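So the chains spell out like this:
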Amino acid sequence: MKRPAAVKELIEELKRLPGIGQKTAERLSFYLMRGEKERVENLARTILNIKEKVILCTNCHGITEIDPCDICQDPKRDHNLICVVEEPYDVYVIENMGDYRGEYHVLMGVISPLDGIGPQDLTTEDLKAKVGRNGTREVILATNPDMEGESTAIYIARMLKGAEVKVTRIARGLPVGGDIEYADPVTLKKSMEGRMEIET
Amino acid sequence: MPLYKTQAIVLKSMKLSEKDKLVTFLTETHGKVKCVAKAARRLKSRFGASLEPMSHVSLIYFGKEHQDLYRLNQCDIIQSFQDIKENPDTYYTAVYFLELAGHFIAEDHPEPEIFHLLVRSLREAGNTDSSGTLCRLFELRIMAHAGYTPRLQKCIVCHKEPKSLWVGFSYSQHGIVCEPCFDKEPVEMRIKSGTVNYLKKFLSLNLNHIRRLKIPKDVELEIESITHRLVLARLGRELKSYPFIRQMAEMTRT
Ligand SMILES: [Zn+2]
Ligand SMILES: [Zn+2]
């Protein structure tokens, strides 16, 4: 039996989503077909909503429904402390930890010379202006500890040289629950460099 | 299924799925090789930092012969070049080396000479203050290994050794033209014969000795316009990472 064009189209669209292959896309589309119309309408509306209602905060470039976002507006947070991350999603990851009380700055990517992505494609200039304007005390560079994230961190550190601000980099090294026996030399070296005194 | 064991430089590392990575290697013995690294995105992955671009690694992979995608079995770091990556003055030059080598090493086409040039140049990048000179040497050498050595000994028209202070360079004919022959062969550029001597030296120099090479600034600029244009003429376009080297140098100056 041939599949109706509408079903095929849905499968193709679903397959574009991260982590969804042919099989999953088929399962989802047949599930939606069988389900109540109301549920499907609800789903379609909520999907549209994220495009219509969700915007980027003009201060931190994080995703929000109000501008500036609730983190940037929160008087209880420390606005002289900025945590720099690659993607809007990273804000949620750090917020989930629950311990961080500063604000954020989303770069909207990383410097990647092999892909032709340079600092001018990111929000780096914005960060520089913000730091100069607000009397920021500390900038925490929380880009990924891979080659692109590392070089982006170094770029920003150099960019902020001369501004009166402390620039720190999140620790790199062994993951909690890891095992020294299986750690590679680069990770081990980073753990040694980033060692801290134990308070007794 | 055959198992392959070789050494390589990691060219690219991409997310493939929630757990896996797709890694492109420039290998010594099998040219460009793409491998799936299972569970490499896990925090406790057995591959650790070995799949980071630019790393010099020894690897074991398997799969059917001449297929597009292999499965990575083991990958160990020989040299991570972490110092290069953490220095903006050398990082962009090294990324340019990677990109350029990636253009000349194709899948299933081993280019051991280019591979070793890449490894040695990365090692040297961490030691030298003059990454500019190293960059010129790399460009010229990689062209030579790929079969595009410019003809620098004799004039491409009259086949005599030029005696004049100035010589011409023809990109279309890939060599030098002596002054008396300028009317017979259009030259795109005039350079000092001293510059030609440096180019010759670049082709034969042991990479370890690059630190001892002191090149006058004007000569270096002439050399750059030649070697980089040779690359452009060959590839037909600018490489993505090249403008970054300039941008970074300007930022350091200000
Ligand atoms: Zn915000
Ligand atoms: Zn001649």
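Residues numbered from 1 in each chain as written. Chains lettered and ligands numbered in written order. Predicted model: local features only at pLDDT ≥ 70, side-chain atom pairs only at ≥ 80, totals over all residues.

In this section: the overall build of chain B. If you tally the helices and strands in chain B, you get 7 helices and 8 strands. Viewed in the frame of its principal axes, chain B has a C-alpha envelope of about 65 × 45 × 30 Å. When the 254 residues of chain B are sorted by exposure, 41% land in the buried category. Within chain B, counting contacts between residues at least 6 apart in sequence, those at least 24 apart form 60% of the total. (Helix = DSSP H or I, 4+ residues; strand = E, 2+ residues; numbered from the N terminus. Buried ≥ 20, exposed ≤ 12 C-beta atoms within 10 Å, placed from the backbone. Contact = placed C-beta atoms within 7 Å.)

All right, on to the overall build of chain A then. Scanning chain A for helices and strands turns up 8 helices and 6 strands. In chain A, the order of α-helices and β-strands from amino to carboxyl end is α-α-α-β-β-α-β-α-β-α-β-α-β-α. Since a compact globule built from 200 residues should have a radius of gyration of about 16 Å, the 22 Å found for chain A marks it as more spread out than a globular shape. Projected onto its principal axes, the C-alpha coordinates of chain A cover approximately 70 × 45 × 40 Å. Burial analysis of chain A (200 residues in total) assigns 22% to the buried set. Across chain A, every contact between residues at least 6 apart in sequence was considered, and the portion connecting residues at least 24 apart equals 47%. (Rg over C-alpha atoms; globule rule 2.2 N^0.38 Å.)

Once that is clear, we can look at the nonpolar core. Looking at soluble globular proteins, one finds that nonpolar side chains tend to be buried together. Residues and elements named next belong to chain B. Grouped together as the largest cluster of nonpolar side chains are 74 residues, with contacts concentrated most on Ala-94, Ala-101 and Leu-118. Per-element accounting of this core gives the leading share, 10 residues, to helix H2 (residues 88-104). Counting contributing residues per domain, this core is built from domain 1 (3-80) and domain 2 (102-253), each supplying no fewer than three. Residues within four places of Ala-101 in sequence aside, it is in contact with Leu-26, Ile-114, Leu-118 and Ile-142. (Core = buried A, V, L, I, M, F, W, Y, C linked by C-beta atoms within 7 Å. Domains from an automatic or database assignment.)

Another aspect to go through is the interface of chain B and chain A. Contacts between the two partners involve 27 residues from chain B, matched on the other side by 21 residues from chain A. At the level of secondary structure, the elements contributing two or more residues to the side of chain B that touches chain A comprise helix H1 (82-85), H2 and helix H7 (242-253) of chain B. The element that contributes the greatest number of residues to the side of chain B that touches chain A is H2(B), accounting for 5 residues.

Moving on to the domain arrangement of chain A. When cut into domains, chain A gives domain 1 (5-53) and domain 2 (76-169). The straight-line distance from the C-alpha centre of domain 1 of chain A to that of domain 2 of chain A is 35 Å.

A few words now on the sheet that holds strand S1 (residues 3-15) of chain B. Residues and elements named next belong to chain B. Taking strand neighbours around the barrel as the criterion, the 5 strands line up as S1-S2-S3-S5-S4 in a closed arrangement whose pairing is mixed. Taking the axes of each pair of neighbouring strands and ignoring which way they run, one obtains an average angle of 50° across the sheet. For strand S3 (residues 32-37) and strand S5 (residues 70-79), the ladder comprises 2 bridges, and the chain directions are parallel. The residue of S5 that forms the bridge with Cys-35 is Tyr-70. (Pairing = 2+ DSSP bridges. Axes fitted to C-alpha atoms, helices over the stretch in contact; angles between N-to-C directions.)

Looking at chain B, the pLDDT average stands at 90 and 99% of residues meet or exceed 70. Two numbers describe this predicted complex: its pTM, 0.86, and its ipTM, 0.78. (pLDDT = per-residue confidence, 0-100.)

The next point concerns the domain arrangement of chain B. Residues and elements named next belong to chain B. Taken domain by domain, chain B comprises domain 1 (3-80) and domain 2 (102-253). Of note, the centres of domain 1 and domain 2, computed from C-alpha atoms alone, are 32 Å apart. Contacts between the two partners involve 11 residues from domain 1 and, on the opposite side, 13 residues from domain 2. Partitioning the side of domain 1 that touches domain 2 into residue classes produces 4 nonpolar, 5 polar and 2 charged. (Nonpolar A, V, L, I, M, F, W, Y, C, P; charged D, E, K, R; others polar.)

Quick look at helix H6 (residues 217-235) of chain B now. Residues separated by three or four positions in an α-helix point in the same direction, a consequence of the helix having 3.6 residues per turn. All names here are of chain B. Taking 1.5 Å of rise per residue, 19 residues should cover 27 Å, and H6 covers 27 Å from first to last C-alpha, within 8% of that figure. Burial in H6 covers these residues: Glu-222, Ile-223, Ile-226, Thr-227, Leu-230 and Val-231. Angular distribution of buried residues about the axis of H6 spans 160°; they occupy a single face of the element. Turned more than 90 degrees off the buried face of H6, the exposed positions are Lys-217, Asp-218 and Leu-235. Structurally, H6 contributes buried residues whose contacts are with H2, helix H4 (131-145), strand S6 (166-170), strand S8 (189-192) and helix H5 (193-204). Taken from the residues just after H6, Gly-236 is the one with a positive phi, measuring 80°. (Expected span 1.5 Å × (residues − 1). Arc of directions from axis to C-beta.)

This brings us to the pairing of strand S6 (residues 166-169) of chain A. Each regular strand displays side chains that alternate between the two surfaces of the sheet. Residues and elements named next belong to chain A. Of the strand pairs in this sheet, strand S5 (residues 138-141) and S6 are connected by 4 bridges, and their pairing is parallel. Pairing of Leu-141 across the sheet is with Arg-169, part of S6. In this fold, the crossover linking S5 to S6 by way of helix H7 (residues 147-159) has right-handed handedness. (Right-handed = clockwise from strand over helix to strand, strands pointing away.)

With that settled, consider the environment of A:Gly135. Mapped onto the elements of the fold, A:Gly135 is located in the loop between helix H6 (124-134) and S5. For the pair A:Gly135 and A:Asn80, spaced 55 residues apart in sequence, the C-alpha separation works out to 6.8 Å.

Next up on the list: the pairing of strand S4 (residues 102-106) of chain A. Residues and elements named next belong to chain A. S4 sits mainly inside the fold: 4 of its 5 residues count as buried. Of the strand pairs in this sheet, strand S3 (residues 78-85) and S4 are connected by 5 bridges, and their pairing is parallel. The residue of S4 that forms the bridge with Val-85 is Val-106. Taken together, S3, helix H5 (residues 88-97) and S4 form a β-α-β motif whose crossover is right-handed.

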